[in-house]
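Take a look at the letters that make up each chain.
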Amino acid sequence: MKNIIIAGSINMDIVAQMDKHPENGETVFGKKISFIPGGKGANQARAISRLEGKVALVGKVGKDQFGKSLLRSLNTDGINTGNIKISQNNTTGVALIGVDRQAENRIIIVSGANFDLSPKDISKIDLQKNTIAISQFEVPQNTIKAFFKKAKKAKAQTILNPSPTGKIPPDLLELVDYLIVNEHEFAYLSNTKKLQIDSASLAKNANRIVAIDQVIITTFGAKGSVAIKGSKVIKAPGFKVKAVDTTGAGDSFLGSFSQALAEGRDLKDALTFANAAAALKVTKLGASSMPYRSEVDKFIQDKMRQKNHGF
Ligand code: RIB
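Rules used throughout
- Residues numbered from 1 in each chain as written.
- Predicted model: local features only at pLDDT ≥ 70, side-chain atom pairs only at ≥ 80, totals over all residues.
- Heavy atoms only, no water.
- 1 Å grid on protein atoms, 1.4 Å probe; cavity = no way out; pocket = protein on both sides within 12 Å on 5 of 7 lines; lining within 4 Å.
- Points joined across faces, edges and corners; volume = space filled by probe spheres on them.
- Helix = DSSP H or I, 4+ residues; strand = E, 2+ residues; numbered from the N terminus.
- Nonpolar A, V, L, I, M, F, W, Y, C, P; charged D, E, K, R; others polar.
- Core = buried A, V, L, I, M, F, W, Y, C linked by side-chain atoms within 4.5 Å.
- Buried < 20%, exposed > 50% of the residue type's maximum accessible area, 1.4 Å probe, protein only.
- Contact = heavy atoms within 4.5 Å.
- Salt bridge = Lys/Arg side-chain N within 4 Å of Asp/Glu carboxyl O.
- Pairing = 2+ DSSP bridges.
- Axes fitted to C-alpha atoms, helices over the stretch in contact; angles between N-to-C directions.

S.K.: Just to check I follow, could you spell out the layout of surface pockets for this structure?
M.R.: A water-sized probe rolled over the atoms picks out the places where empty space is left. In this model, the largest pocket occupies a volume close to 1200 Å³. What lines the largest pocket is a set of 45 residues, and nearest its centre among them are N182, T246, G248, A249 and G250. Going through the elements one at a time, β2 (11–18), α1 (40–50), β6 (93–99), β7 (105–110), β10 (178–182), α6 (183–190), α8 (249–262) and α9 (267–282) are the ones with two or more residues in the lining of the largest pocket. Element by element, the count of residues in the lining of the largest pocket is highest for α8, at five residues. Split by residue class, the lining of the largest pocket holds 19 nonpolar, 18 polar and eight charged. When its volume is computed, the second largest pocket comes out at roughly 210 Å³. Looking at the second largest pocket, the residues that line it are N3, I4, I5, K54, V55, A56, N80, N83, D126, L127, Q128 and T131. Those elements that place two or more of their residues in the lining of the second largest pocket are β1 (3–7), β4 (55–62) and β5 (80–87). With three residues, β1 is the largest single contributor of residues to the lining of the second largest pocket. Class assignment of the residues belonging to the lining of the second largest pocket gives a composition of five nonpolar, five polar and two charged.

Have a look at this one:
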């Protein structure tokens with residue numbers, strides 16, 4: 001099994017549950033407030049660790065209570081935190097998250113210490129060949145570039161999740177083996193309208209984003225996910241569940257897909273595993289409420305037994 005290393009964000013998510021999101025200038029009453037560990041980097045690391053993967057997180061927190069409690073919770077989940085440093089300049093990242101009755105979220109991120117993660121921090125880490133290196137757009141892009149350059153030099157694989165949505169500079173994109181996006185990011189990056197999972201144009205549009213030797217994976221929520229390499233398109237249907245909170249579904253997908261790759265599973269199998277983990281995540285409140293290995297395996301077995309899924 002390969003090791004996984006993530007250079008990514010660590011946030012405290014302050015989550016307000018409400019019936020409906022306020023309009024501009026409107027005030028609504030919330031029902032409950034929760035302080036939940038978050039940040040895409042930390043969530044993905046947690047997903048991997050709970051699936052029994054070996055994962056290290058590289059990141060920065062502030063010298064405040066949020067930073068201390070986030071570090072504690074990452075350690076409790078068995079994540080290697082030896083490369084998480086304390087920023088002297090900034091406070092721990094915070095995400096203000098509203099979740100409505102339909103389980104849909106709105107998020108404001110104040111990055112704080114996450115944007116202090118520098119190429120110099122990357123130069124100090126140990127990155128070996130038998131590794132998958134992952135990052136997202138919640139840390140500086142020059143840091144991601146340094147991280148992926150180091151990964152490529154070590155002959156490690158790289159996975160980029162360009163989220164929150166942003167353009168990918170060509171000199172960063174050329175360092176990526178797997179690009180993982182959602183349907184909105186896929187449309188944005190291919191500069192076309194949003195496609196459905198069964199669209200005949202998927203491969204054509206994918207090739208507007210990545211080169212033929214790169215894999216692009218697109219998630220379509222409950223409908224499932226697709227992996228495209230050149231003209232080859234591999235699809236795996238999603239699972240319907242009763243959603244409580246969709247925040248972190250993408251992180252659950254990415255973490256579990258990466259863990260499946262680390263275990264040497266093929267693309268179709270990895271997509272199915274990741275669809276199942278993401279479905280289980282949305283049944284719980286909190287971006288970091290990642291399912292454990294036994295839950296994902298049992299969920300897939302049950303669905304196969306019910307035969308109402310497209311296996
Ligand atoms: O993907 C969900 C995550 O995005 C949240 O945990 C929040 O912290 C933001 O980083």
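S.K.: Could you clarify how one ought to interpret the nonpolar core in this entry?
M.R.: Side chains of nonpolar character tend, in soluble globular proteins, to be buried together. Grouped together as the largest cluster of nonpolar side chains are 46 residues, with contacts concentrated most on I217 and F257. The element best represented in this core is α9, accounting for ten residues. F257 has contacts with Y178, I180, I217, L267, A270, L271 and A274, leaving out every residue within four places of it along the chain. Residues F148, L179, V210 and I228 belong to the second largest nonpolar core, which totals 38 residues.

S.K.: Just checking my understanding: could you explain the pattern of salt bridges for this structure?
M.R.: Oppositely charged side chains can form a pair if their charged atoms are brought close together. Tallying each qualifying case throughout the model produces 17 salt bridges. A salt bridge links R101 to D19; its shortest N-O distance comes to 3.9 Å. Of this pair, R101 sits in the loop between β6 and β7 while D19 sits in the loop between β2 and β3 (30–38), and the two are 82 residues apart along the sequence. By relative accessible area, D19 is classed as partly exposed at 32%. Taken together, the salt bridges that share partners define one network made up of E263, R265, D269, R293 and D297.

S.K.: In this structure, what is going on with the sheet that holds strand β12 (residues 224–229)? I would like to understand it.
M.R.: Picture the strands of a sheet paired through backbone hydrogen bonds; they go either parallel or antiparallel. Here nine strands make up an open sheet; going across it, the order is β5-β4-β1-β8-β9-β10-β11-β12-β13 and the pairing mixed. Of all strands in the sheet, those with a lone pairing partner are β5 and β13 (232–237), marking the two edges. Here the average twist between neighbouring strands, direction ignored, is 20°. For strand β11 (residues 215–219) and β12, the ladder comprises four bridges, and the chain directions are antiparallel. Bridged to I217 within β12 is A227. Contacts from helix α2 (residues 65–76) reach β4 and β5, with the element oriented near 175° to β5. The strands touched by α9 within the sheet are β10, β11, β12 and β13, with β13 carrying the most contacts at an inclination of about 35°.

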